[in-house]
Amino acid sequence: MSNEVLRGNFETRDKVEIKQSEETLEDRFEMEAKKRLGGSIAFVSKKKVMWDTDKK
Amino acid sequence: MAKILLINPTVREEDVPRHVPYGIALLAAIAMEKGHQVQVYDENAWRQGDEVTKAVCVADDWDIIGYGGITTTYGSVKRIAKIAKRYAPQAVQVMGGGLLTSMPREMMSWLPEVDVGCVGEGFITFPEICEMVDRGGREFWDIKGTVSRKPGGGLIMSQIRPLLHDLDSLPFPAWELFPLEEVYFKNSQVLFSEEGMLASRRLDINASYGCSLICRFCYHLGIAGDMRYVEDENGEMNVAFDQPGTYTRSIRYHSPEYVGALVKHAHDKFNVNFIGFLDENLMTMDKFSGRTWMNDICKQWHDLGFAPKANDDGTWTGIHWAGTSHATLCTKEVLTTMREAGCSHLVYGYESFAPHVLKTIGKGATRESNLRSFFWTLEAGIRPVPNQIIGFPNEDFESIRMNMHAWDDLGIQVKPHFATPYPGSEWFTTYRERINGQYDGDLERFILDLGDASSISAVISHNFNAVELLGLREAMLQLNYRRIDEYEQIWRRNHQIPDGAPSTLLSENMTGAFLRDADKVKNAIKDSERQDAVVETANAGSTH
Ligand code: B12
Ligand code: SF4
């Protein structure tokens, strides 16, 4: 783990470091909650499948 | 040698960063191979705001600052360009990727900070730009595949950059320059399958470029033979992509041996336990290769000992993987082979289960092939990820109900995307005026508005407006047929369409135009069956 954000094949004149903040419970909650709201949600609930390939 | 800073712009801020930018990682590797001094700042991964972007711009005396990505990075790119100009005015700013490629002239005029744009593939163009900057040259118009500024004002598009044939000559992406441990591995999980859910060290690879189909909402970044240069209405050279009646493709793939060696590198150096294939459509390549490519990749997986083996405690060793399939081009056999080599899930752009909609979108899939592939995939033990889209030009109440019935019958849980005319797609060209109209003639506002297609931006449906589509999607998600029936009555009254008549306002002319190209799609599917196919098939007027 490193706090240096510049990665490359030589040493830069200045280093750019960031403080990696520890994830708080609030951060975690907000991230988990957002995951449920946004994006493309698509999955198959296998229990519900009731088609028969042979019929096709 | 040139001192190069590559910045990966921020994308999809509503989610955590999940994908190392493959293109930038390859360009970094190529530039280092050529002997340049390269640093990467992954703004998307670190998400530290403008202060840190500013700090990286002043951290050294950069000769070049390069950035780019997909269309939805535009907001971030605009900020980066301004910061870089202010804090590293000496650096030549190079922009590339699908964003620049889809509208090079507009981008160069909206972003005056950019000195040179890389139109299309960057594998040769980018190192040539670096080499020119390094020797003090600024005549970018001498380099193929660029758009740059004329000394007296105006833009110059140089000649088109031919695509690289020998893909295996590429180095492996410079994954080590990205915060894998700090950011990406923490976000390895892909919630599309059990194995994806348990992925803890995932990297993505891109084994092929292009797709033989012509879905009218799709864009291939100008790196799939999909881009032509034509004179525009002002008599200036400009890019052109799929247009009704004109489709070009050049399908290319890495050898299975390169893919195997790349996965071994990812395993040995980064200890990965999951690989995501970024390829647009694995099946188009498999069919094109005469059904050898996927088989041989799977064989690599077995030979290298990566095919997963179950442990007694329910866990497994090996490397699972996932990718994108196609309803008509997949076979039962290849799916079984893929499962045996560790494939856990496959994304299918089913888009719709309504035959009259499927006929107009250029996918070469039918309701039957959608259903068939769905069951074949499940039977093979792979989870299909059945993507859906609503709001197509001829979407109507009938197609909406057909989709709802299919979801209900198949157990599909899905929040459909909205059909979105991203720049570079055929429907962007077809509907450009309509899009402009929805943004008061300000196209840049449309670009800034683009994000995930699960949000609504420009509407291309002839039958429904944005608010209707949002409401209809909500009712669809709840399988609420009653509300849909009720709203159909209101809609028919508003548009004076009697009961029993098709619920559509799309002119027959327009439907006819979409259907006329259906034979091109059939040819695309048929052509990709040729056993003796040569890989390079760019050929105006026919798809491959
Ligand atoms: C990874 C990926 C993503 C990632 C982005 C990760 C990232 N930071 O790049 C995520 C998951 C966020 C994503 C999201 C979406 N994506 Co996406 N995605 C891809 C995918 C699978 C791989 C991209 C890739 O690495 N390609 C391979 C590399 C080699 O190509 P490249 O990056 O373009 O780089 C080359 C050139 O473009 C150029 N280049 C690129 N950058 C730079 C920079 C410089 C300085 C230079 C000189 C050159 C250069 O040189 C490289 C070598 O030739 C592609 C499909 C594909 N196989 O390309 C789709 C693709 C890019 N996505 C697409 C779409 C439609 C989307 C979504 C809109 C879909 C949706 N669900 O709504 C969303 C947008 C979400 C949002 N809110 O922004 C479309 C095109 C979009 C567009 N108009 O740009 C693609 C092509 C898929 C498709 N065929 O439909 N996507
Ligand atoms: S099949 Fe997929 S990658 Fe190919 S054109 Fe259609 S949407 Fe694009």
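Structure report, in brief. It should be emphasised that the depicted structure is a prediction, and the values quoted were computed from it without experimental measurement.

## Let's talk about the overall build of chain A
Looking only at helices and strands, chain A has 1 helix and 2 strands in total. Of the regular secondary structure in chain A, the N- to C-terminal order runs β-α-β. Summed over its atoms, the accessible surface of chain A is roughly 4600 Å², and 50% of this surface lies on carbon and sulfur atoms.

## Quick notes on the overall build of chain B
A count of helical and extended segments in chain B gives 23 helices and 20 strands. In terms of overall dimensions, chain B is globule-like: its C-alpha atoms have a radius of gyration of 23 Å, near the 24 Å expected for 544 residues. The principal-axis extent of the C-alpha atoms belonging to chain B is close to 70 × 65 × 45 Å. Taking all 544 residues of chain B together, 60% fall into the buried category. In chain B, the proportion of contacts linking residues at least 24 apart, taken out of those at least 6 apart, comes to 73%. When the accessible area of chain B is evaluated, it comes to approximately 20200 Å², of which 51% is carbon and sulfur surface.

## Some thoughts on the environment of Asn9 of chain A
Its location among the elements puts Asn9 of chain A in the loop between strand S1 (6-8) and helix H1 (25-37). Overall, Asn9 of chain A belongs to the partly exposed group, its relative accessible area being 37%. Setting aside its immediate chain neighbours within four residues, Asn9 of chain A contacts Met32, His36, Gln37, Val38 and Gln39 of chain B. There is a polar contact of 2.9 Å between the side chain of Asn9 of chain A and the backbone oxygen of His36 of chain B.

## Observations concerning the packing of helix H16 (residues 397-410) of chain B against helix H20 (residues 466-477) of chain B
Residue and element names in this part refer to chain B. At a closest axis distance of 10 Å, the pairing of H16 and H20 adopts a crossing angle of 30 degrees. Viewed along their axes, H16 and H20 adopt a mutual orientation that is roughly parallel. Of the two elements, H16 crosses H20, and the hand of that crossing is right-handed. Across the interface between the two elements, Phe397, Ile400, Asn403, Met404 and Trp407 of H16 pack against Leu472, Ala475 and Met476 of H20. Of the residues belonging to the contact of H16 with H20, the class tally is 7 nonpolar, 1 polar and no charged.

## What to know about the interface of chain B and chain A
How big an interface is tends to be stated in terms of accessible area lost as the parts join. At the junction of the two partners, chain B supplies 51 residues and chain A supplies 34 residues. For the chain B and chain A pair, buried surface summed over both sides reaches about 3900 Å², with 58% attributable to carbon and sulfur atoms. Ranking the residues of chain B by area buried against chain A places Gln39, Trp46 and Gln413 of chain B at the top, with a combined share of 15%. For the pair chain B and chain A, the interface holds 2 salt bridges. A salt bridge links Glu182 of chain B to Arg7 of chain A, with the shortest nitrogen-to-oxygen separation between them at 3.1 Å. For the pair chain B and chain A, the interface holds 13 residue pairs in polar contact (both at pLDDT 80 or more). Mapped onto the side of chain B that touches chain A, the elements with two or more residues apiece are strand S1 (3-8), strand S2 (37-42), helix H3 (50-57), helix H8 (180-184), helix H15 (367-380), strand S18 (383-390), H16 and strand S19 (412-414) of chain B. With 6 residues, H15 of chain B is the largest single contributor of residues to the side of chain B that touches chain A. When grouped by side-chain class, the residues that make up the side of chain B that touches chain A number 27 nonpolar, 9 polar and 15 charged.

## Examining the environment of Arg135 of chain B
Residues and elements named next belong to chain B. Residue placement: Arg135 occurs in the loop between helix H7 (125-134) and strand S6 (146-149). Overall, the relative accessible area of 54% leaves Arg135 in the exposed class. Between the alpha carbons of Arg135 and Gln413 there is a distance of 57 Å; along the sequence they are 278 residues apart.

## Some thoughts on the site of ligand 1
Residue and element names in this part refer to chain B. In the neighbourhood of ligand 1, 36 residues make up the surrounding shell, with Thr71, Thr72, Gly122, Glu280 and Ala453 lying closest. In the model, a nitrogen atom of ligand 1 is placed 3.3 Å from a nitrogen or oxygen of the Gly97 main chain. For the shell around ligand 1, the secondary structure elements donating two or more residues are helix H1 (22-33), strand S3 (64-68) and strand S4 (92-96). For the shell around ligand 1, the class distribution of residues is 17 nonpolar, 14 polar and 5 charged.

## Things to note about the pairing of S2 of chain B
All names here are of chain B. Burial analysis of S2 places 5 of its 6 residues in the buried class, the great majority of the element. Across 6 bridges, S1 lies against S2 in parallel orientation. Looking across to S2, one finds that Lys3 is bridged to Gln37. With respect to chirality, the unit in which S1 leads through H1 into the neighbouring parallel S2 is right-handed.

Thresholds, definitions, all that
- Residues numbered from 1 in each chain as written.
- Chains lettered and ligands numbered in written order.
- Predicted model: local features only at pLDDT ≥ 70, side-chain atom pairs only at ≥ 80, totals over all residues.
- Heavy atoms only, no water.
- Helix = DSSP H or I, 4+ residues; strand = E, 2+ residues; numbered from the N terminus.
- Areas by Shrake-Rupley, 256 points an atom, 1.4 Å probe, with all protein chains shown as cover.
- Rg over C-alpha atoms; globule rule 2.2 N^0.38 Å.
- Buried < 20%, exposed > 50% of the residue type's maximum accessible area, 1.4 Å probe, protein only.
- Contact = heavy atoms within 4.5 Å.
- Polar contact = N/O pair within 3.5 Å; in protein donor to acceptor, adjacent residues only side chain to side chain.
- Axes fitted to C-alpha atoms, helices over the stretch in contact; angles between N-to-C directions.
- Parallel < 35°, antiparallel > 145°, perpendicular 65-115°, else oblique.
- Left-handed = near helix turned anticlockwise from the far one by under 90°.
- Nonpolar A, V, L, I, M, F, W, Y, C, P; charged D, E, K, R; others polar.
- Buried area = accessible area lost by both parts, 1.4 Å probe.
- Salt bridge = Lys/Arg side-chain N within 4 Å of Asp/Glu carboxyl O.
- Near = heavy atom within 4 Å.
- Pairing = 2+ DSSP bridges.
- Right-handed = clockwise from strand over helix to strand, strands pointing away.

Any functional reading would require information beyond the geometric quantities listed.
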